[in-house]
Every structure is written in C-alpha cells, then in structure tokens.
Amino acid sequence: MVHSIVAENVSKYFTLRYHRTFKEVTVAKLRGQQTGDTFKAIDDVSFTVEQGESIGLMGLNGSGKSTLLKMINGVMRPDEGSVLTRGRIAGLIATGAGFHPQLTGRENLYLNAAILGMTEREIARKFDDIVEFAELGRTLDGPVGHYSSGQKARLGFAIAVHVDSDIFLADEVLAVGDKPFKVKCMARMREIRDSGRTLFYVSHSAASVKKMCDRVIVLEQGKLAFDGATADGIRFLEYGAANDEDEVADEEIGNDV
Ligand SMILES: Nc1ncnc2c1ncn2[C@@H]1O[C@H](COP(=O)(O)OP(=O)(O)OP(=O)(O)O)[C@@H](O)[C@H]1O
C-alpha cells in the first residue's frame, strides 16, 4: 500500500471579525465589547488515504470540507499538525479561483494549465480536448469576468481533468453545472478513479458519493465525525430520506451516468 494523503492532528483556526473599520473596532474596545472570535474550522483531524482510494468528503455547510481540501491542495497551511501528499495534485476546489477576469477563456486556459504544471507541449497536445470538454463555444474568446459560474466551472473542470495528476480533488463541481455537464463530469471522475488515481470528492449528494466513492469521511464542526465505508457514512448522515426532493433529482443524475 502506498500512502497518498496523510493528515495528522490537523487544526486550522479562523478569526471572525465583527467590525470592518478601525473606528468601529476602537468604539467596541472602548465599550469593552468583543471585536472578534477565533474558532477552529478544522479540529484535530487525522486520516490516511492510500493511492487509488476514492473518498467522499461530506458534512453540513460550514463543517470545514473546503478548508480541509485547501490544506490537501497546499493553498492553505494547517496551524497545527501536518498534511503530507504524494504526487501531483489537480482538481477544482473553488470555481473560477485562479482565473484572470480580464483575460479570455482561451488565455486563461493556457495560464491555468501552466500553473497546474502542464508543459507548453502538453497544453498544445491537449488544447482541443480541453476546449471540446468545456463546450463553451464562442464564449471561449470572451473575458472570463463575464462568464457565469457554470461557465467558469466548465473551463476549470475541463482543464483540471486533463492534468496528469496522482490526486484529484473535486469540491462541489456538480453544484453549478447543468445536467448534461454534471453527467459528463461524473463520467470523467469515474475514469479518473478507475485509472488508479486518488479521488477526493466533496459532495452533499449521497447518490453521487455512493456511485463514486468507496469510503466516506464526515466532518462535524471541523471534527472528524465518521471515517469508513460509504454506505455506513451515508447512514451516519441520515441522508437516506427517499421522499426528499433533492435526493430524487440526485438519483436521476446518478442513473444517467
Ligand atoms: N478565510 C476564512 N476566514 C474566516 N473564516 C473562514 C474562512 N474560510 C472559511 N471560514 C469559516 O470556516 C468554516 C468552515 O468553512 P468551509 O468553507 O471549510 O466549510 P464547508 O464544509 O466547505 O462548507 P460548505 O458545505 O458550505 O461548502 C465556516 O464557518 C466558514 O465560515
């Protein structure tokens, strides 16, 4: 077994500030009021992922999933503990992050692919496939600042899936895409999983996690609340309500893949 991701006693603190200006802070201090609050967004989380595992990272809004993914990706560092990863990491962790709004989609494609570690030759070789995957049509030559969130996600995801990575991170890629694009993304993520790469997939959708992942990690207020088999994880989250409307839509997407 080869370790792909090792997180050891990872904690991350954030400060929530109640005031936006110096004046407000000064007034609050003079009145003896609290000006902010520091809290643990990730609280002493440890787990090991082997190469080729596909993990569904689940939990309520604000439970710390994106923060954990950012630390795996390396864009954020833990305040305590460590996150070690093996190999190249690619994926979509924040829709549109890293795109330059004044540059066109085509220009951003070159820039983003280079930032993700692709060589010029590699970009030239994969360019048409990326463009075809993104299906942006003439929008590709318009500035990314004018793109809808779905269009940004299309471009970002299309680039990310074409990077030869060992670890693929996906944070709610399916949240903003339309149905045909979601189906395409799911199919591509399954290919990534089946090619033996490590998949770390953040989702609120039980159906897609069931189809995609063999292990589930659940965060609750920054703490690791569950780590185990997918079916047990979903049961743990009590996402099984069959008459839930979202869940029904969710199953539809799942069935199409
Ligand atoms: N840069 C930041 N500064 C201060 N607080 C932050 C920052 N980033 C995230 N937080 C807070 O940390 C907590 C965890 O946020 P995070 O985005 O990781 O949650 P999440 O599980 O991904 O949520 P969601 O399901 O809504 O995407 C939240 O309370 C959020 O408000």
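Residues numbered from 1 in each chain as written. Predicted model: local features only at pLDDT ≥ 70, side-chain atom pairs only at ≥ 80, totals over all residues. Heavy atoms only, no water.

- Under the annotation held in an unreviewed UniProt entry, the chain carries the name ABC transporter ATP-binding protein and is attributed to Nocardioides faecalis.
- Under the Sequence similarities (unreviewed entry) heading, UniProt states for the chain: "Belongs to the ABC transporter superfamily." (UniProt positions renumbered as here; feature names shortened; annotations may be inferred.)

### Thoughts on the packing of helix α4 (residues 120–134) against helix α5 (residues 149–161)
Next, step 1: Interhelical geometry of α4 versus α5 gives an angle of 140 degrees and a closest axis separation of 8 Å. The angle between α4 and α5 places the two elements in the oblique class. The chirality of how α4 crosses α5 is right-handed. Residues I130, F133 and A134 of α4 form the contact with α5, whose own contacting residues are R154, L155, F157, A158, I159 and V161. (Axes fitted to C-alpha atoms, helices over the stretch in contact; angles between N-to-C directions. Helix = DSSP H or I, 4+ residues; strand = E, 2+ residues; numbered from the N terminus. Parallel < 35°, antiparallel > 145°, perpendicular 65-115°, else oblique. Left-handed = near helix turned anticlockwise from the far one by under 90°. Contact = heavy atoms within 4.5 Å.)

### A few points about the pattern of salt bridges
Next, step 1: For the structure on display, the rule yields 13 salt bridges.
Next, step 2: Among the ionic pairs, K40 bridges to D43, the shortest N-O distance being 3.2 Å.
Next, step 3: By relative accessible area, K40 is classed as partly exposed at 30%.
Next, step 4: Overall, D43 belongs to the buried group, its relative accessible area being 16%.
Next, step 5: Between E122 and K126 there is a salt bridge, with its nearest N and O atoms 3.0 Å apart. Separated by 4 residues within a single helix, E122 and K126 lie in helix α4, roughly one turn from each other. The same class applies to E122 and to K126, which are both buried. (Salt bridge = Lys/Arg side-chain N within 4 Å of Asp/Glu carboxyl O. Buried < 20%, exposed > 50% of the residue type's maximum accessible area, 1.4 Å probe, protein only.)

### Section: the sheet that holds strand β4 (residues 80–85)
Strand pairing in a sheet is mediated by backbone hydrogen bonds. Such pairs are either parallel or antiparallel.
Next, step 1: Across the sheet, which stays open at both edges, the 3 strands sit in the order β2-β1-β4 with antiparallel pairing between neighbours. Of all the strands in the sheet, the pair left with one neighbour each is β2 (36–50) and β4. Along the sheet, successive strands turn relative to each other by an average axial angle of 25 degrees, direction set aside.
Next, step 2: Bridge analysis of strand β1 (residues 3–17) against β2 gives 11 bridges, and the strand direction is antiparallel. Opposite F14, over in β2, you have F39 as the bridge partner. (Pairing = 2+ DSSP bridges.)

### A few points about the pairing of strand β5 (residues 89–92)
For a regular strand, side chains alternate in direction, first toward one face of the sheet and then toward the other.
Next, step 1: What you see with β5 is no split at all: I89 and G91 on one side and A90 and L92 on the other are buried throughout.
Next, step 2: As defined by bridge partners, β5 adjoins strand β6 (residues 167–171) across 4 bridges and the pair is classed as parallel. Looking at β6, one finds that I89 is bridged to I167.

### Here's the deal with the side chain of D43
Next, step 1: When you line up the elements, D43 lands in strand β2.
Next, step 2: A distance of 3.2 Å separates polar atoms of two side chains, one belonging to D43 and the other to K40.
Next, step 3: At a separation of 3.0 Å, a polar atom in the side chain of D43 contacts the side chain of K223.
Next, step 4: Aside from chain neighbours lying at most four places away, what touches D43 is V10, S11, G222 and K223. (Polar contact = N/O pair within 3.5 Å; in protein donor to acceptor, adjacent residues only side chain to side chain.)

### Topic: the sheet that holds β6
Next, step 1: Read from one edge of the open sheet, 6 strands run β5-β6-β7-β3-β8-β9, paired in mixed fashion. Looking at strand neighbours, the two that pair on one side only are β5 and β9 (223–229), the edges of this open sheet. Recorded for the sheet is a direction-independent mean angle of 15 degrees between the axes of neighbouring strands.
Next, step 2: Where α5 meets the sheet, it contacts β5 and β6, and its direction lies at approximately 160 degrees from that of β5.
Next, step 3: Packing against the sheet, helix α6 (residues 179–194) makes contact with β3 (54–58), β6 and β7 (198–202), and its axis sits at approximately 145 degrees to β7.

### A closer look at a nonpolar patch on the surface
Next, step 1: Residues L16, Y18 and F39 make up a contiguous nonpolar surface patch of about 300 Å² in total accessible area.
Next, step 2: In this fold, L16 is placed in strand β1.
Next, step 3: Note on L16: relative accessible area 47%, which makes it partly exposed. (Patch = residues over 30% accessible without salt bridge, like charges linked within 9 Å, V, L, I, M, F, W, Y side chains within 5 Å. Areas by Shrake-Rupley, 256 points an atom, 1.4 Å probe, with all protein chains shown as cover.)

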